[in-house]
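For reference, the chains in residue letters:
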Amino acid sequence: MQLRQRYERILDAVIDAAAWLARMLLLFEVVTITAGVILRYTAGISFSWLNSLNEWTLLWIAFLGAAWLERGNGHVSVDTFIEVAGEHVVRWAKLFGWLLGFVCCAILLWYSAAVTYEKLISGAYDFFKIRNFPIYPIYAVIPFGFLLWVLQILRQAGRRSTQTPPDI
């Protein structure tokens, strides 16, 4: 098996695992929010920490699913101008979109990794949510998600380097 094929299989497995985890977190949210509402209105019981977990899982779902969505060309794009433009404009617009997406993801990957590392080193906690729980594990999904996204964009660029630039 060639190195590129092996890389693509590993990347697909990691992206699929991240998407599976995002699905499970979404299921967790549905169950816990429903149970929380039922308990609050029938028994007068409320769990404040459960709201915090649900807020954090929204962040995790977004970043775990971004590369999976990119792989399926599921991100939103506005093609109103592009549809009426000529083939030459379309090629340049796709190239610009791909480059912009790559640069943004790469910058945000670097910055989010630096912030997560700083939170790890400083031992920062989120005192407004769950006390005595470090914040860096919550932030760690951000650089992980951007890393997967950057790798997926690069893979799409490699596949289509001889064709038209990839959609973003």
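See the structure shown above.
Keep in mind the model is a prediction, meaning the values are calculated, not measured.

Calculation criteria
Residues numbered from 1 in each chain as written. Predicted model: local features only at pLDDT ≥ 70, side-chain atom pairs only at ≥ 80, totals over all residues. Heavy atoms only, no water. Helix = DSSP H or I, 4+ residues; strand = E, 2+ residues; numbered from the N terminus. Buried < 20%, exposed > 50% of the residue type's maximum accessible area, 1.4 Å probe, protein only. Contact = heavy atoms within 4.5 Å. Areas by Shrake-Rupley, 256 points an atom, 1.4 Å probe, with all protein chains shown as cover. Expected span 1.5 Å × (residues − 1). Salt bridge = Lys/Arg side-chain N within 4 Å of Asp/Glu carboxyl O. Phe/Tyr/Trp six-rings, centres within 6.5 Å; stacked < 30°, edge-to-face > 60°. Lys NZ or Arg CZ within 6 Å of the ring centre and 35° of its normal. Disulfide = S-S within 2.5 Å. Core = buried A, V, L, I, M, F, W, Y, C linked by side-chain atoms within 4.5 Å. Axes fitted to C-alpha atoms, helices over the stretch in contact; angles between N-to-C directions. Parallel < 35°, antiparallel > 145°, perpendicular 65-115°, else oblique. Left-handed = near helix turned anticlockwise from the far one by under 90°. Nonpolar A, V, L, I, M, F, W, Y, C, P; charged D, E, K, R; others polar.

Draft legend 1. Geometry of the overall build of the chain. On a plain count of helices and strands, the chain comes out with six helices and zero strands. Order of helices (α) and strands (β) in the chain, N terminus to C terminus: α-α-α-α-α-α. Taking all 168 residues of the chain together, 29% fall into the buried category. Considering only contacts in the chain between residues 6 or more positions apart, those separated by 24 or more positions represent 78%. As presented, the chain carries roughly 11000 Å² of accessible surface, and 69% of it is formed by carbon and sulfur atoms.

Draft legend 2. Layout of helix α1 (residues 3–42). Taking 1.5 Å per residue, 40 residues should reach 58 Å; α1 reaches 58 Å between its end C-alpha atoms and fits that length. Those residues of α1 hidden inside the fold are in contact with α2 (48–71) and α6 (141–159).

Draft legend 3. Spotlight on the pattern of salt bridges. Here the structure, examined in full by the defined rule, presents five salt bridges. The shortest N-O distance in the salt bridge between E8 and R4 comes to 3.4 Å. Here E8 and its partner R4 are both found in helix α1, four residues apart, which amounts to about one turn of the helix. Looking at E8, the relative accessible area reads 14%, which means it is buried.

Draft legend 4. Spatial organisation of the packing of aromatic side chains. In this structure the tally under the stated criterion is five aromatic pairs. With a centroid separation of 5.2 Å and 65° between ring planes, the pair formed by F63 and F146 is classed as edge-to-face. Here F146 lies in helix α6 and F63 lies in helix α2, a separation of 83 residues in the sequence. A relative accessible area of 17% means that F63 is categorised as buried. Here a set of aromatic residues connected by ring pairs shows up, and it is made of F63, F146 and W149. Sitting above the plane of the W68 ring, R23 keeps its charged end 5.5 Å from the centroid.

Draft legend 5. Quick peek at the state of the cysteines. Applying the stated criterion to the full structure yields zero disulfides. The structure places no disulfide on C104, whose sulfur is separated from the nearest cysteine sulfur, that of C105, by 7.0 Å. On the basis of relative accessible area, C104 is assigned to the partly exposed category, the value being 36%.

Draft legend 6. Region of interest: the environment of L148. Turning to its location among the elements, L148 is positioned in helix α6. For L148, a relative accessible area of 4% corresponds to the buried category. C-alpha separation for the pair L148 and L109, spaced 39 residues apart in sequence, amounts to 9.6 Å. Excluding residues within four positions of it along the chain, L148 makes contact with L11, V14, I15, A18 and A67.

Draft legend 7. Quick peek at the nonpolar core. Membership of the largest hydrophobic core comes to 20 residues, with the highest contact counts inside it found for L64, C105, F146, L148 and W149. The element best represented in this core is α6, accounting for eight residues. When neighbours within four sequence positions are excluded, L64 is seen to be in contact with A18, A19, L21, A22, L25, V141 and F144.

Draft legend 8. Inspection of the packing of helix α4 (residues 87–122) against α6 at higher detail. Interhelical geometry of α4 versus α6 gives an angle of 155° and a closest axis separation of 8 Å. Comparing their axes, α6 and α4 come out roughly antiparallel. Helix-helix and strand crossings are classified by hand; for α4 and α6 the assignment is left-handed. Only I142, P143, F146, L147, W149, V150, I153, L154 and A157 of α6 make contact with α4, whose side of the interface consists of W98, G101, F102, C105, A106, L108, L109, S112, A113 and T116. Along the lines of polarity and charge, the residues of the contact of α4 with α6 split into 16 nonpolar, three polar and no charged.

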